[in-house]
Amino acid sequence: MSNSAAVSPASTSIRVSVVVPVFRPGAAFDELIDSLDRQTLDHDRFEVLLCDDGSGEETAARLVEIARDRDYVRVAYLAHSGWPGTPRNHGIDDARGTYIQFVDQDDWLYDGALEALCDYADQHSSDVVVGKEVGIGRRLPSRIFRKDVPRARLGEDPLLEMLTPHKMFRTSFLRENRIRFPDGKVRLEDHLFVMRAYFEASTISILASQPCYAWVKHAGSASSSRIEPETYFPHLEAVLDLVERYTEPGRLRDRLLRHWFRGKILKRLTGKKFLGYPDEYRDRLIDVVGPLAKRRFGPGVDGGLSFPNRIRAGLLRADRRADLVSFARFEMEMKCRAVVTSARWSRGGGLYLTFDVSVTRDGQEALVFEHGTGRLTSLPVSMDGLPTALLEAGRELQNDQVELVLRDKAAGVERRIASVHPRSLGAISVAIDPLKVFGPADESRGAKLFVTVRRAGWTFDVALTADAETLAAAGHSPLLAGRTCTPVVGRGGSVELRRQWPGGRLKDLAGRAVRRVRSGSRKR
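Reading the values: rules and limits
- Residues numbered from 1 in each chain as written.
- Predicted model: local features only at pLDDT ≥ 70, side-chain atom pairs only at ≥ 80, totals over all residues.
- Heavy atoms only, no water.
- Helix = DSSP H or I, 4+ residues; strand = E, 2+ residues; numbered from the N terminus.
- Buried < 20%, exposed > 50% of the residue type's maximum accessible area, 1.4 Å probe, protein only.
- Contact = heavy atoms within 4.5 Å.
- Areas by Shrake-Rupley, 256 points an atom, 1.4 Å probe, with all protein chains shown as cover.
- Expected span 1.5 Å × (residues − 1).
- Axes fitted to C-alpha atoms, helices over the stretch in contact; angles between N-to-C directions.
- Parallel < 35°, antiparallel > 145°, perpendicular 65-115°, else oblique.
- Left-handed = near helix turned anticlockwise from the far one by under 90°.
- Nonpolar A, V, L, I, M, F, W, Y, C, P; charged D, E, K, R; others polar.
- 1 Å grid on protein atoms, 1.4 Å probe; cavity = no way out; pocket = protein on both sides within 12 Å on 5 of 7 lines; lining within 4 Å.
- Points joined across faces, edges and corners; volume = space filled by probe spheres on them.
- Salt bridge = Lys/Arg side-chain N within 4 Å of Asp/Glu carboxyl O.
- Arc of directions from axis to C-beta.
- Pairing = 2+ DSSP bridges.
- Polar contact = N/O pair within 3.5 Å; in protein donor to acceptor, adjacent residues only side chain to side chain.
- pLDDT = per-residue confidence, 0-100.
- Phe/Tyr/Trp six-rings, centres within 6.5 Å; stacked < 30°, edge-to-face > 60°.
- Lys NZ or Arg CZ within 6 Å of the ring centre and 35° of its normal.

Points about the overall build of the protein chain
And step 1. Broken down by element type, the protein chain carries 16 helices and 19 strands.
And step 2. Seen through its principal axes, the protein chain has C-alpha atoms that stretch 70 × 70 × 45 Å.
And step 3. A buried classification covers 52% of the 524 residues belonging to the protein chain.
And step 4. For the protein chain, contacts bridging at least 24 residues in sequence account for 74% of all contacts bridging at least 6.
And step 5. Here the protein chain has roughly 24,400 Å² of accessible surface; of this, 49% comes from carbon and sulfur atoms.

If you want it as structure tokens, here you go:
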């Protein structure tokens, strides 16, 4: 039972209730509590509901100790349900805040998260706010957090990239629409909850300009374990049923259903992941997802898939199991490299790099297409009996892209530096402007450079490499580059862009000032 009674949000000055489902938390729980202590929102304007799922006496004592000196913390002791849905539902019932922010026990919040989320929700009358999540030890989708979107549209904005419950919801909105998590052990319970909220919401907002939520990967989490096909995919069908209940046949429904076909089925039949399954497990998986694909995903869904996934879907529906394995092996054997061939600084402060990009298999070009038709001719998989259009890349060849990214894995920060659409892979030239990459107050000391290559629907993410002699030829960064920046060769030949910090402030100020003067002169 809870140690407090439910109170209507309208009767209090509490802006947000942080709901945390708890079950025998480890050491990471202390990081969460510390992050709540550091919130910039006044502690009398938010509350924390620790909803314990029958952990036992040891956890109960720990929670009592946490709440002892924190007036904003309340603890609810619940019967064991075995899954986070029931504790979260208790939080919805017991919350006194205008909003509810769900947080998992081994994650944490950035210091200004609650204040920023509440302000943003107030400003835009949001029912749901998707605050920027930062992956700690895990890669997260990036498109959803490229810019603030005060009024996001389902099916148009990339809301499906982030279906975790780590969001802020208006409390009255959840209660009035009876939006709850399923009780008991239900896989994809977060998808059911979030999608229902998305469909019912008047305003969904994305706050991307400020990091809010640290999503920490821990060994042995449910999301990292192998699923049991026979029990997992009926839960997926429940999500598909929800989507179909709220949509009419057509483009929006196909676009939404495609998300789960791609992410929950076809992704499991891809490359190294698929080849790593034991034969018996692989057969069990296809026994379940093959009929499901025929039953639930039509031509409109397939039409928006990438070229590789269209091939994969065709092989799956035809029950071509050996060919699915061969296709996965073909994907795994492809190797992408990006190697710097020249580097130089310009007097205007830009670092100009040229690098060669290649995708090979067994030392030969891996992806060879017939001129004019765009037909893939280098695939070592028999496609006899399948539609010939499956091997035609079509639009994907028009969308090839090479991006240069500065990625600080430790800090969970990724900066997109340059993007080009080459007619063919080979020599790619890009410019890095340190004063645009790093702001005046940026404390970054630099990070590794990575290259994301999109070729015919395949995506490769590789470290940019070079030899020391090539990078040394660039020389020293000029005044107009600001703080001293130096490209160097790190471990394994990877390229790192190192930046002077905390020194170099005067040089940075001088570089920016000279640029402003030059810009003003050109305008006159």
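Considering helix 10 (residues 279-296)
And step 1. With 18 residues, helix 10 should reach 26 Å at 1.5 Å per residue; the first-to-last C-alpha distance of 25 Å fits that figure.
And step 2. Taken together, the buried residues of helix 10 touch helix 7 (229-246), helix 8 (251-265), helix 9 (271-275), helix 12 (307-317) and helix 13 (321-333).

A look at the packing of helix 7 against helix 10
And step 1. Interaxial distance between helix 7 and helix 10 falls to 10 Å at its minimum, and their mutual angle equals 20°. Taken together, helix 7 and helix 10 sit at an angle that is classed as roughly parallel. Considering the relative orientation of helix 7 and helix 10, their crossing is right-handed. Across the interface between the two elements, Pro229, Glu230, Phe233, Glu237, Leu240, Asp241 and Glu244 of helix 7 pack against Tyr281, Arg284, Leu285, Val288, Val289, Leu292, Arg295 and Arg296 of helix 10.
And step 2. Residue composition of the contact of helix 7 with helix 10, by class: eight nonpolar, no polar and seven charged.

Things to note about empty space enclosed by the protein
And step 1. What the rule picks out here adds up to three cavities of 30 Å³ or more.
And step 2. By volume, the largest cavity is sized at about 40 Å³.
And step 3. Surrounding the largest cavity, Gln101, Leu109, Leu117, Gly131, Glu133, His166, Lys167, Met168, Cys212 and Tyr213 form its lining.
And step 4. Secondary structure elements with two or more residues in the lining of the largest cavity: strand 6 (128-136) and strand 9 (204-216).
And step 5. For the lining of the largest cavity, a count of residues per class yields five nonpolar, three polar and two charged.

Topic: the pattern of salt bridges
And step 1. Evaluation of the coordinates by the stated rule reveals 45 salt bridges.
And step 2. The shortest N-O distance in the salt bridge between Arg321 and Asp283 comes to 3.3 Å. Of this pair, Arg321 sits in helix 13 while Asp283 sits in helix 10, and the two are 38 residues apart along the sequence.
And step 3. Here Arg321 falls in the partly exposed class, since its relative accessible area comes to 22%.

Side note on helix 1 (residues 28-37)
And step 1. Looking only at helix 1, the buried set comprises Ala28, Phe29, Leu32, Ile33, Ser35 and Leu36. Taken end-on, helix 1 shows its buried residues confined to a sector of 160°, consistent with a single buried face.

Details of the pairing of strand 4 (residues 99-102)
And step 1. Here strand 4 shows two buried faces, one formed by Tyr99 and Gln101 and the other by Ile100 and Phe102.
And step 2. Pairing of strand 1 (residues 16-22) with strand 4, which is carried by four bridges, proceeds in the parallel orientation. The partner of Ser17 across the bridge, within strand 4, is Ile100.
And step 3. For strand 4 and strand 8 (residues 168-170), the ladder comprises three bridges, and the chain directions are antiparallel. Within strand 8, the position partnered with Tyr99 by the bridge is Arg170.

Brief notes about unusual backbone geometry
And step 1. For the peptide bond that leads from Trp501 to Pro502, omega is 5°, which places it in the cis range.
And step 2. In this structure, Pro502 sits in the loop between strand 19 (495-499) and helix 16 (505-523).
And step 3. For Asp362, which is not glycine, the phi dihedral falls at a positive 55°.
And step 4. Using a relative accessible area of 63% as the deciding quantity, one classes Asp362 as exposed.
And step 5. Although it is not a glycine, Ala456 sits at a positive phi angle of roughly 55°.
And step 6. On the secondary structure map, Ala456 appears in the loop between strand 16 (446-455) and strand 17 (458-463).
And step 7. In this structure Ala456 comes out as buried when scored by relative accessible area, which is 0%.

Examining the environment of Asp241
And step 1. On the secondary structure map, Asp241 appears in helix 7.
And step 2. For Asp241, a relative accessible area of 39% gives the class partly exposed.
And step 3. Side-chain polar atoms of Asp241 contact the side chain of Arg296, separated by 2.9 Å.

As for the confidence of the model for the protein chain
And step 1. A residue-level look at the protein chain finds 95% of positions with pLDDT of 70 or above and a mean pLDDT of 92.
And step 2. Segment residues 1-11: pLDDT under 50, and 27 contacts once partners within four positions in sequence are set aside and those in other chains are kept.

So, the packing of helix 10 against helix 13
And step 1. Between helix 10 and helix 13, whose axes approach to 11 Å, the crossing angle comes to 115°. Considering the angle they form, helix 10 stands roughly perpendicular to helix 13. As helix 10 packs across helix 13, the resulting crossing turns out to be right-handed. Facing Arg282, Asp283, Ile286 and Asp287 of helix 10, the residues of helix 13 in contact are Arg321, Leu324 and Val325.

So, the packing of aromatic side chains
And step 1. Following the criterion strictly, the structure yields 17 aromatic pairs and no others.
And step 2. Each ring, one from Tyr232 and one from Phe233, has its centre 5.1 Å from the other, and the planes form 85°; the classification is edge-to-face. With respect to burial, Tyr232 and Phe233 carry one shared label: buried.
And step 3. For the pair Phe327 and Phe330, a centre-to-centre distance of 6.5 Å together with 15° between the ring planes defines the contact as stacked. On the criterion of helical spacing, the pair formed by Phe327 and Phe330 is a turn pair, its members being three residues apart in helix 13.
And step 4. Overall, Phe327 belongs to the buried group, its relative accessible area being 0%.
And step 5. Using a relative accessible area of 1% as the deciding quantity, one classes Phe330 as buried.
And step 6. An aromatic cluster of at least three residues, connected via ring pairs, comprises Phe307, Phe327, Phe330, Phe369 and Trp458.
And step 7. Against the face of Trp215 rests Arg138, its NZ or CZ located 4.0 Å from the ring centre.
And step 8. The cationic tip of Arg282 hangs over the ring face of Phe274; the distance from NZ or CZ to the ring centre is 5.3 Å.

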